[in-house]
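Topology and contacts: notes
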Amino acid sequence: MSRNLEVYDKDNVCKEFQEQVSKSLIRHKSVLDIITKLDEFNARINRAVAKSVTSCGCISIHAEKQEFDGKSYEELTDKVKTHLHGTICENCKDILEIEIGDYLFYLAALCNTLELDLFEILSQEHDRNKTLGIFSLK
Ligand SMILES: [Zn+2]
């Protein structure tokens, strides 16, 4: 998998990505194709995580009820679990990166279609989370 982001101007990577997506999106240019492709690739990401557990076995999931009540922020950050055990292997990581990349492609396509700026959305969300701090817990 290529990791040549350093050749991009990091301040413009979202803009360049959106422009490239715009140039290469022909067959699925309808907003209906874009939003259903987003669903498809969301499902493919979830499927890749599931296959990492059920086929590869590099990770496993041991889930149980999360206890939030009466806990401080510090306790929550220590006690709330991901339920994941193990480390994702290079093969599963490569597959997930491809699926997430395809998802990002259609997310950028949706932004293009609706004339939204992906970088602006990312920046606004980052600022909101930074400003709200622990009050933005999701
Ligand atoms: Zn694996």
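Thresholds applied
Residues numbered from 1 in each chain as written. Predicted model: local features only at pLDDT ≥ 70, side-chain atom pairs only at ≥ 80, totals over all residues. Heavy atoms only, no water. Donors = N, O, S within 2.8 Å, 3.2 Å for Na, K, Ca; no water. Tetrahedral: all angles 85-135°; square planar, octahedral: opposite > 155°, others 65-115°. Helix = DSSP H or I, 4+ residues; strand = E, 2+ residues; numbered from the N terminus. Buried < 20%, exposed > 50% of the residue type's maximum accessible area, 1.4 Å probe, protein only. Expected span 1.5 Å × (residues − 1). Polar contact = N/O pair within 3.5 Å; in protein donor to acceptor, adjacent residues only side chain to side chain. Phe/Tyr/Trp six-rings, centres within 6.5 Å; stacked < 30°, edge-to-face > 60°.

Some points on the coordination of the zinc ion
At 2.2 to 2.3 Å from the zinc ion lie its protein donor atoms, namely Cys 56 (SG), Cys 58 (SG), Cys 89 (SG) and Cys 92 (SG). If you look at the zinc ion, its 4 donor atoms make angles of 104 to 117° with each other, and the shape they trace is tetrahedral. Along the chain, the residues donating to the zinc ion fall in the pattern C-x1-C-x30-C-x2-C. Here Cys 92 lies in helix H4 (residues 90–113) and Cys 56 lies in helix H2 (residues 31–56), a separation of 36 residues in the sequence. For Cys 56, a relative accessible area of 42% puts it in the partly exposed group. Its relative accessible area of 7% is what places Cys 92 among the buried residues.

Quick notes on helix H5 (residues 118–132)
An α-helical turn contains 3.6 residues, so a residue and the one three or four places further along point in the same direction. The end-to-end C-alpha distance of H5 is 21 Å, a good match for the 21 Å that 15 residues give at a rise of 1.5 Å each. Two or three places before Phe 119, at the opening of H5, Asp 117 has a side-chain oxygen 2.9 Å from that residue's backbone nitrogen. Gly 133, located one to two residues past H5, shows a positive phi value of around 55°.

Points about unusual backbone geometry
Excluding glycine, a negative phi dihedral is what most residues carry, and trans is how most peptide bonds are arranged. One non-glycine residue, His 83, lies in the positive phi region at around 70°. Tracing the backbone through its elements, the reader meets His 83 in the loop between helix H3 (73–79) and strand S2 (84–86). Positive phi outside glycine occurs at Glu 115, with the angle close to 55°. For Glu 115, a relative accessible area of 73% gives the class exposed.

So, the packing of aromatic side chains
For the structure on display, the rule yields 2 aromatic pairs. Look at Phe 41 and Tyr 106: their rings are 5.7 Å apart centre to centre, the planes differ by 15°, and that puts the pair in the stacked class. Here Tyr 106 lies in helix H4 and Phe 41 lies in helix H2, a separation of 65 residues in the sequence. With respect to burial, Phe 41 and Tyr 106 carry one shared label: buried. Aromatic pair Phe 105 and Tyr 106: ring centres 5.0 Å apart, planes at 75°, arrangement edge-to-face. With respect to class, Phe 105 is no different from Tyr 106; both count as buried. Linked through ring pairs, Phe 41, Phe 105 and Tyr 106 together constitute an aromatic cluster.

Scope: geometric values only; no functional claims are made or implied.
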